Structure formats: C-alpha cells, structure tokens
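Residue strings, one per chain:
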Amino acid sequence: MVMMKLRNPHCTANVWSSGKVTVTGTTSDDDARRGARRIARSLQRLGFKVHLRHYRVVNCLASCSMPWPIDIVKLSRLYPESVSYEPEIHPGATVRLTEKAVLKVFTTGNLTITAPCVERLNTAVNEFYPKLYECRNQRQY
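Now for a description of the structure that goes with this document. (Residues numbered from 1 in each chain as written. Predicted model: local features only at pLDDT ≥ 70, side-chain atom pairs only at ≥ 80, totals over all residues. Heavy atoms only, no water.)

Leu75, Leu103, Val105, Phe128 and Leu132 are the most contacted members of the largest nonpolar core, which totals 22 residues. The greatest single-element share of this core, amounting to four residues, is contributed by helix H3 (residues 118-134). Excluding residues within four positions of it along the chain, Phe128 makes contact with Leu75, Ser82, Val83, Val95, Leu97 and Leu103. Among the nonpolar cores identified, the runner-up in size contains nine residues, and Met4, Leu6, Val15 and Val50 belong to it. (Core = buried A, V, L, I, M, F, W, Y, C linked by side-chain atoms within 4.5 Å. Buried < 20%, exposed > 50% of the residue type's maximum accessible area, 1.4 Å probe, protein only. Helix = DSSP H or I, 4+ residues; strand = E, 2+ residues; numbered from the N terminus. Contact = heavy atoms within 4.5 Å.)

Right, dumping it as structure tokens:
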C-alpha cells in the first residue's frame with residue numbers, strides 16, 4: 001500500500017497493489033471526486049496506466065453536539081432493540097438504525113453518525129432526535 005496526500009482538496013489516498021484507490025478525509029462529495037481525479041492524474045504522470053472507473057462514495061461521517069447532556073444508561077434501557085451500551089468496552093452508546101446508519105452517543109451530548117450517504121445522515125438524526133430529547137440529563141453542572 002502506498003499513501004498519497006493532497007493539499008487541495010485536503011485528502012489522503014491509499015493505493016493498493018490490486019489497483020484499488022481509497023480516498024478519505026474530504027468534506028464533500030465534490031472534493032472526494034476531485035481528489036480521486038488528482039490522484040489518478042499524478043499516477044499517470046508517474047507512468048502508470050490509470051482509468052477512473054467504478055467511482056462511488058461508500059461511507060459518510062458526521063458529528064454534532066446536542067445542547068444538553070444525555071443519560072445513555074436510560075437510553076439503552078428504553079430502547080434495547082436499537083441501542084447497545086457496554087461501558088467496559090466503549091464510553092458511548094451505539095445506536096443501529098434501520099436505514100444502515102450508526103450513531104455513537106456520548107454522555108456529553110456529542111454524536112458521531114456514520115451512513116452510506118449524506119441523505120441518510122440527515123434522516124438518522126431527524127428520526128432519533130425525539131428519543132435523545134426524551135433521555136436528556138436534567139442535572140445542572
């Protein structure tokens with residue numbers, strides 16, 4: 001594996017011996033595509049035969065924070081079918097939603113959402129927001 005980094009757009013590409021290239025670290029779909037094209041062009045300049053085929057976005061990651069702390073023990077007790085919380089393994093609760101979205105919920109109110117596309121990120125937050133509001137922590141710090 002060879003790792004290549006670009007400054008504009010800011011991204012990192014892993015080039016595998018099979019010819020597969022994985023681009024990570026961009027902030028938009030357009031930047032990811034532009035980064036993949038720039039990596040392909042620089043490999044062509046080095047003498048490799050490169051074609052940009054089968055381009056697809058596989059995973060999107062987003063983070064946000066709620067304006068209140070969340071009681072994740074209460075969250076895992078109220079919704080055991082979708083929330084798993086193992087404090088010995090991970091400090092946050094893992095929420096698996098039906099539309100292939102995964103939320104990591106922390107007691108501070110921070111969320112990390114992973115989904116296959118941006119639209120599913122938005123629907124995941126909108127779908128799970130009422131449950132988070134119900135499990136907000138009432139303590140004052």
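Turning to a nonpolar patch on the surface, a few remarks are in order. On the surface, a cluster of nonpolar side chains totalling about 350 Å² of accessible area is made up of Met1, Met3 and Trp16. Its place among the elements puts Trp16 in the loop between strand E2 (11-15) and strand E3 (21-24). On the basis of relative accessible area, Trp16 is assigned to the partly exposed category, the value being 40%. (Patch = residues over 30% accessible without salt bridge, like charges linked within 9 Å, V, L, I, M, F, W, Y side chains within 5 Å. Areas by Shrake-Rupley, 256 points an atom, 1.4 Å probe, with all protein chains shown as cover. Salt bridge = Lys/Arg side-chain N within 4 Å of Asp/Glu carboxyl O.)

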